[in-house]
Amino acid sequence: MAKANLDELDYKILSILSKNAKTPYLEIARMCNVSGAAIHQHIQQLTQTGVIKGSEFILSPVKVGFNTCAFIGVMLNGESTPQEVIEEFKKVPEVVECHFTSGKYSLFMKVYAEDNVELLNLIQTKIQTIKGVSHTETLISLNEEFRRTIKL
């Protein structure tokens, strides 16, 4: 995928939004010394070109009852295509990220579960039963120390 053709204003807008996605367009316009319409047009263009993939509220998993975070490396056996396996993973709500990787694993996922008992159940009944999954290796996160978006 090619790098998007961004100008100085685009980078300013992205920098502001990456710190606070709820910043009003008029405030961004004031910070950038341009009109609100210009900000609206740039954000529309950034969205249409896929630079901005959306905005989201970040939930605290623990506050909503998901006390266990784990990373699962998945090895495939060829019974299904990787894309078919990924489509099945998309049906599992506890899977919040899935990446193609190089090295030992074909896929690497981030999952949340209520606790270790539920994590074991998730692995045994929802992940390892998917056609094409050979085996998995799980790493439990003891604590998330920080999370951030890329810095522009």
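Residues numbered from 1 in each chain as written. Predicted model: local features only at pLDDT ≥ 70, side-chain atom pairs only at ≥ 80, totals over all residues. Heavy atoms only, no water.

(A) Expanded view of the overall build of the protein chain. Helix and strand counts for the protein chain come out as five helices and four strands. In the protein chain, the succession of α and β elements from N to C terminus is α-α-α-β-α-β-β-α-β. What you see for the protein chain is a C-alpha radius of gyration of 20 Å, clearly larger than the 15 Å of a compact globule of 152 residues, by over 25%. Considered along the principal axes of its C-alpha atoms, the protein chain spans approximately 55 × 35 × 25 Å. Looking at the protein chain as a whole, 30% of its 152 residues are labelled buried. (Helix = DSSP H or I, 4+ residues; strand = E, 2+ residues; numbered from the N terminus. Rg over C-alpha atoms; globule rule 2.2 N^0.38 Å. Buried < 20%, exposed > 50% of the residue type's maximum accessible area, 1.4 Å probe, protein only.)

(B) Quick look at the pattern of salt bridges. Taken as a whole and assessed by the stated rule, the structure comprises six salt bridges. For the salt bridge of E87 with K90, the shortest nitrogen-to-oxygen distance reads 3.1 Å. Placement of the pair is E87 and K90 together in helix 4 (residues 82-90), with a separation of three residues, close to one helical turn. Of the residues examined, E87 reaches a relative accessible area of 36% and is grouped as partly exposed. The exposure class assigned to K90 is exposed, which follows from its relative accessible area of 60%. (Salt bridge = Lys/Arg side-chain N within 4 Å of Asp/Glu carboxyl O.)

(C) Molecular detail of the side chain of D10. Turning to its location among the elements, D10 is positioned in helix 1 (residues 8-19). For the buried D10, no salt bridge exists, and the shortest N-O distance to an oppositely charged side chain is 11 Å, to K3. Apart from residues no more than four positions distant in its own chain, D10 is found in contact with N5, H42 and L46. (Lys, Arg positive; Asp, Glu negative; His and termini not counted. Contact = heavy atoms within 4.5 Å.)

(D) Examining the nonpolar core more closely. With 18 residues, the main nonpolar core has I72, V74, F89, M109, V111 and L119 as its most contacted residues. Counting only elements with at least two residues in this core, the list comes to strand 1 (68-76), helix 4, strand 3 (107-113) and helix 5 (116-127). Sequence-distant contacts of F89, that is, excluding residues within four places in its chain, are made with V74, V95, C98, L107, M109, I127, I130 and V133. Ranked by size, the runner-up nonpolar core spans 12 residues in total, among them L14, I16, C32 and I43. (Core = buried A, V, L, I, M, F, W, Y, C linked by side-chain atoms within 4.5 Å.)

(E) A look at helix 3 (residues 36-48). With 13 residues, helix 3 extends 18 Å between its outermost C-alpha atoms, agreeing within 8% with the 18 Å of an ideal straight helix rising 1.5 Å per residue. All of the buried residues in helix 3 are A38, I39, H42, I43 and L46. When helix 3 is viewed along its axis, its buried side chains cluster within an angular range of 130 degrees and face the same direction. Relative to its buried face, helix 3 has exposed residues pointing more than 90 degrees away, namely Q41 and Q48. (Expected span 1.5 Å × (residues − 1). Arc of directions from axis to C-beta.)

(F) Examining the packing of helix 2 (residues 25-32) against helix 3 more closely. The contact between helix 2 and helix 3 brings their axes to 8 Å, and the two run at 105 degrees. As judged from the angle between their axes, helix 2 and helix 3 are roughly perpendicular. Contacts between helix 2 and helix 3 involve Y25, L26, I28, A29 and C32 on the former and, on the latter, G36, I39, H40 and I43. Residues belonging to the contact of helix 2 with helix 3 are distributed by class as follows: seven nonpolar, two polar and no charged. (Axes fitted to C-alpha atoms, helices over the stretch in contact; angles between N-to-C directions. Parallel < 35°, antiparallel > 145°, perpendicular 65-115°, else oblique. Nonpolar A, V, L, I, M, F, W, Y, C, P; charged D, E, K, R; others polar.)

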